[in-house]
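# Structural description and commentary
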Amino acid sequence: MERKTLLIAVENLKGQCDFVSLGTTNNVEIIAFKTKNKDDFSHLLSKCLQSLRQQPATDKVKGKIAFVKNTLTATSEKWQKSPEKALLDTAMEKIREAGMYMAYPLTFRNTVYAVQTA
């Protein structure tokens, strides 16, 4: 079983969260981060994980912790692949649908595309 994740930097991400899921397309989950730099993804995820671990361990919090841990694992270089242009174009559409814009195109240089196998 494969788990595919595309992590993208969206400088003007709406809301107060450091990252948000933009949904799934073609079995790839697209996650947008409030940053200019893909090197910030791990830091933002780790910060969120610390915050979640300080909250009461409800089912909702446990689910969020699992999501963050899985996404953090996806940032490991051993899982990274080069995204296809069609996937990057779809991610741009998801950004527009969410009411955001980007002043730069998505490329393999400013995204992390992870394909994990179970």
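In this report, the structure presented in the accompanying data block is examined. (Residues numbered from 1 in each chain as written. Predicted model: local features only at pLDDT ≥ 70, side-chain atom pairs only at ≥ 80, totals over all residues. Heavy atoms only, no water.)

### A closer look at the overall build of the protein
A tally of regular secondary structure across the protein gives 3 helices and 5 strands. Secondary structure of the protein in N-to-C order comes out as β-β-β-α-α-β-α-β. Its C-alpha atoms give the protein a radius of gyration of 14 Å, within 12% of the compact-globule value 13 Å for 118 residues. With respect to the three principal axes, the spread of C-alpha positions in the protein is 40 × 35 × 25 Å. Looking at the protein as a whole, 40% of its 118 residues are labelled buried. Put simply, 65% of the contacts in the protein that link residues at least 6 apart link residues at least 24 apart. (Helix = DSSP H or I, 4+ residues; strand = E, 2+ residues; numbered from the N terminus. Rg over C-alpha atoms; globule rule 2.2 N^0.38 Å. Buried < 20%, exposed > 50% of the residue type's maximum accessible area, 1.4 Å probe, protein only. Contact = heavy atoms within 4.5 Å.)

### A word on the sheet that holds strand S4 (residues 80–81)
Strand order across the open sheet formed by 5 strands is S2-S3-S1-S5-S4, with mixed pairing between neighbours. The sheet terminates laterally at strand S2 (19–25) and S4, the two strands that pair on one side only. Of the pairings in the sheet, the one linking strand S1 (residues 2–9) to strand S3 (residues 28–33) comprises 6 bridges and is parallel in character. Within S3, the position partnered with Thr5 by the bridge is Glu29. Helix H2 (residues 59–74) rests against S1, S2, S3, S4 and strand S5 (111–117) of the sheet, and its axis sits at about 105° to S5. (Pairing = 2+ DSSP bridges. Axes fitted to C-alpha atoms, helices over the stretch in contact; angles between N-to-C directions.)

### Comments concerning the pairing of S2
The pairing of S2 with S3 spans 6 bridges and is classified as antiparallel. Looking at S3, one finds that Phe19 is bridged to Phe33. Here S2 folds back onto S3 in antiparallel fashion, the turn holding 2 residues, of which Asn26 has a positive phi close to 50°.

### Re the packing of aromatic side chains
Describing an aromatic ring pair means giving the distance of the ring centres and the angle of the ring planes. In this structure the tally under the stated criterion is 3 aromatic pairs. Between the aromatic rings of Phe19 and Phe67, the centroid separation amounts to 6.4 Å while the plane-to-plane angle is 25°, which identifies the pairing as stacked. Residue Phe19 is found in strand S2, and its partner Phe67 is found in helix H2; the two are separated by 48 residues along the sequence. Here a set of aromatic residues connected by ring pairs shows up, and it is made of Phe19, Phe33, Phe41 and Phe67. (Phe/Tyr/Trp six-rings, centres within 6.5 Å; stacked < 30°, edge-to-face > 60°.)

As far as function goes, none of this settles anything; it's purely spatial.
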